[in-house]
Amino acid sequence: MTAPARHVMNTLDQLESEAIYVIREVAAQFERPVMLFSGGKDSILMSYLAHKAFYPGKIPFPLMHIDTGHNFDETLEFRDWWLKEIGANLIVRTVQASIDAGRVKEEDGPNPSRNGLQTVSLLDALAEFKFNCAMGGARRDEEKARAKERFFSFRDRFGQWDPKNQRPELWNIFNGLHRPGEHLRAFPISNWTELDVWQYIEREDVPMPKLYYTHEREVVERDGVILAVGPYNQPLDGEPVKKVAVRFRTIGDMTCTGATVSGAHDISDIVNEVAATRVTERGGRADDKRSEAAMEDRKKQGYF
């Protein structure tokens, strides 16, 4: 009698299982969790995993987008279509509302970004809905500050992150205890790499915004970053505008999200391109170049 074939888990299976376990732990431990959604590949992947984790039931928590007001049109169109497709409830809060309320001030200068202003809008939204855990799509391979994160990241009553005040995570046991006013962030895809993300997207045939694929777009090059010309990003005096075949490796605020020259027209091309590159995906983010510790400083203030 032949023994039944055993299913051998590959790396993507293991990462999927780990992420779904973390998502289910958040749903089990917290009364009011939320999943943050930006419209980028990592948040799309995370929402896909959440849909898979609770299928055929509905995702038992809302998704929330902190909209800078400077998003690509393609991102917002995809966001609305995708969340309807998976049957998720969406909450939108805007940086513009924070500006109008006097909570934050628009940056001055030739290359202002609203990415940093998202922190106040995010913390206000968490307080408004009394969310005690917010899941995000950060990965440890993205940036050195994110490499310090655990799956469950404790935040104090001011929403601030202290890398020295975090809890051990032995044997995948996560401690979500917190006092009133405190909350946690959770990062289900912490151990994924950019290549893992794209290989999984290819395997599962997860739809993606067309910004991730090569297309012709008017751009300017500023301080080594290729920026798309648009309503929130006009060329400065003397900057030549070129029409170039580019794609985006990350999708964020249009004023600081850099494009990359590419010939990747489908997922297979992207997988091959990412496997060969030596530049991190955030290497094209203008706001990360403002200082050596730009990301860590924002994280300590409450940003992801």
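Residues numbered from 1 in each chain as written. Predicted model: local features only at pLDDT ≥ 70, side-chain atom pairs only at ≥ 80, totals over all residues. Heavy atoms only, no water.

Caption draft 1: Spotlight on the overall build of the protein. Counting its secondary structure elements, the protein contains 8 helices and 10 strands. Sorting the 304 residues of the protein into buried and exposed places 53% on the buried side. The contacts in the protein between residues at least 6 apart in sequence include a share of 73% that link residues at least 24 apart. As displayed, the protein has an accessible area near 15,000 Å², and 51% of this comes from carbon and sulfur atoms. (Helix = DSSP H or I, 4+ residues; strand = E, 2+ residues; numbered from the N terminus. Buried < 20%, exposed > 50% of the residue type's maximum accessible area, 1.4 Å probe, protein only. Contact = heavy atoms within 4.5 Å. Areas by Shrake-Rupley, 256 points an atom, 1.4 Å probe, with all protein chains shown as cover.)

Caption draft 2: Structural context of the environment of Pro180. Summarising the element assignment, Pro180 is placed in the loop between β5 (152–155) and β6 (183–186). Distance in space between the C-alpha atoms of Pro180 and Asp156 is 9.8 Å, their sequence separation being 24 residues.

Caption draft 3: Representation of helix α7 (residues 267–276) in the model. Taken residue by residue, α7 has Ile267, Ile270, Val271 and Val274 as its buried positions. Buried positions in α7, seen along its axis, are confined to an arc of 100° and lie on one side of it. Residues of α7 that are exposed and angled more than 90 degrees away from the buried face: Asn272 and Ala276. In the core, the buried residues of α7 are packed alongside α6 (194–204) and β9 (242–248). N-cap assignment for α7: the residue whose side-chain oxygen lies 3.2 Å from the backbone N of Ser268 is Asp266. (Arc of directions from axis to C-beta. Polar contact = N/O pair within 3.5 Å; in protein donor to acceptor, adjacent residues only side chain to side chain.)

Caption draft 4: Expanded view of the nonpolar core. Counting residues in each nonpolar core, the largest one holds 58 residues, and the members touching the most others are Met35, Leu49, Trp82, Phe152, Trp192, Trp198 and Met208. In terms of nonpolar packing, the next biggest core, distinct from the first, is built from 15 residues, Ile66, Val95, Leu117 and Ala125 among them. (Core = buried A, V, L, I, M, F, W, Y, C linked by side-chain atoms within 4.5 Å.)

Caption draft 5: The arrangement of helix α5 (residues 118–129) in detail. Given a rise of 1.5 Å per residue, 12 residues ought to cover 16 Å, and the 17 Å separating the end C-alpha atoms of α5 matches this to within 8%. Those residues of α5 that sit buried are Gln118, Thr119, Ser121, Leu122, Leu123, Ala125 and Leu126. Directly beyond the C-terminal end of α5, a positive phi value near 60° is found at Lys130. (Expected span 1.5 Å × (residues − 1).)

Caption draft 6: How the structure looks around the pattern of salt bridges. This structure, assessed with the given rule, holds 16 salt bridges. With its nearest N and O atoms 2.8 Å apart, the salt bridge here joins Glu128 to Arg93. Here the residue Glu128 occupies a position in helix α5, and Arg93 occupies one in strand β3 (residues 90–94), the gap between them amounting to 35 residues. Under the relative-accessibility criterion, Arg93 is labelled partly exposed at 29%. In this structure, Arg249 engages Glu194 in a salt bridge whose closest nitrogen and oxygen atoms are separated by 2.7 Å. (Salt bridge = Lys/Arg side-chain N within 4 Å of Asp/Glu carboxyl O.)

Caption draft 7: Structural detail: the sheet that holds β5. Across the sheet, 6 strands lie side by side as β3-β2-β1-β4-β6-β5; this open sheet has mixed pairing. The open sheet terminates on both sides in strands that have one partner only, identified here as β3 and β5. The sheet shows a mean angle of 30° between the axes of neighbouring strands, direction not considered. Sheet strands in contact with helix α1 (residues 11–29) are β1 (33–36), β4 (133–135), β5 and β6, and its direction is about 45° off that of β5. On top of the sheet, α5 reaches β1, β2 (63–67), β3, β4 and β6; it is set at about 145° to β2, its chief contact. (Pairing = 2+ DSSP bridges. Axes fitted to C-alpha atoms, helices over the stretch in contact; angles between N-to-C directions.)

Caption draft 8: Main features of unusual backbone geometry. Note that the residue after Tyr55, namely Pro56, is joined by a cis bond; omega there is 10°. Despite not being glycine, Lys130 has its phi angle at roughly 60°, a positive value. Looking at the secondary structure, you find Lys130 in the loop between α5 and β4.

Caption draft 9: Main features of the packing of aromatic side chains. Counting across every chain of the model gives 12 aromatic pairs. Geometrically, the ring pair formed by Tyr48 and Tyr200 is edge-to-face, given 6.1 Å between the ring centres and 70° between the ring planes. Note that Tyr48 is positioned in helix α2 (residues 41–54) and Tyr200 in helix α6, a separation of 152 residues in sequence. According to the relative accessible area criterion, Tyr48 is buried, its value standing at 16%. Accessibility expressed as a relative area gives 0% for Tyr200, which makes it buried. Among the aromatic residues, those joined into a ring-pair cluster are Tyr21, Phe30, Phe152 and Phe174. (Phe/Tyr/Trp six-rings, centres within 6.5 Å; stacked < 30°, edge-to-face > 60°.)

Caption draft 10: The arrangement of the sheet that holds strand β7 (residues 215–222) in detail. Sheet architecture is closed into a barrel: 4 strands sit in the order β7-β8-β10-β9, paired in antiparallel fashion. Adjacent strand axes in the sheet meet at a mean angle of 70° when their direction is disregarded. Direction of pairing for β9 relative to strand β10 (residues 258–261): antiparallel, over a ladder of 3 bridges. Bridge pairing in β10 places Phe248 opposite Ala259.

Caption draft 11: Quick peek at the pairing of β10. In this sheet, β10 lies alongside strand β8 (residues 225–228) in antiparallel orientation, the contact comprising 2 bridges. By the bridge assignment for β10, Ile226 is matched with Ala259.

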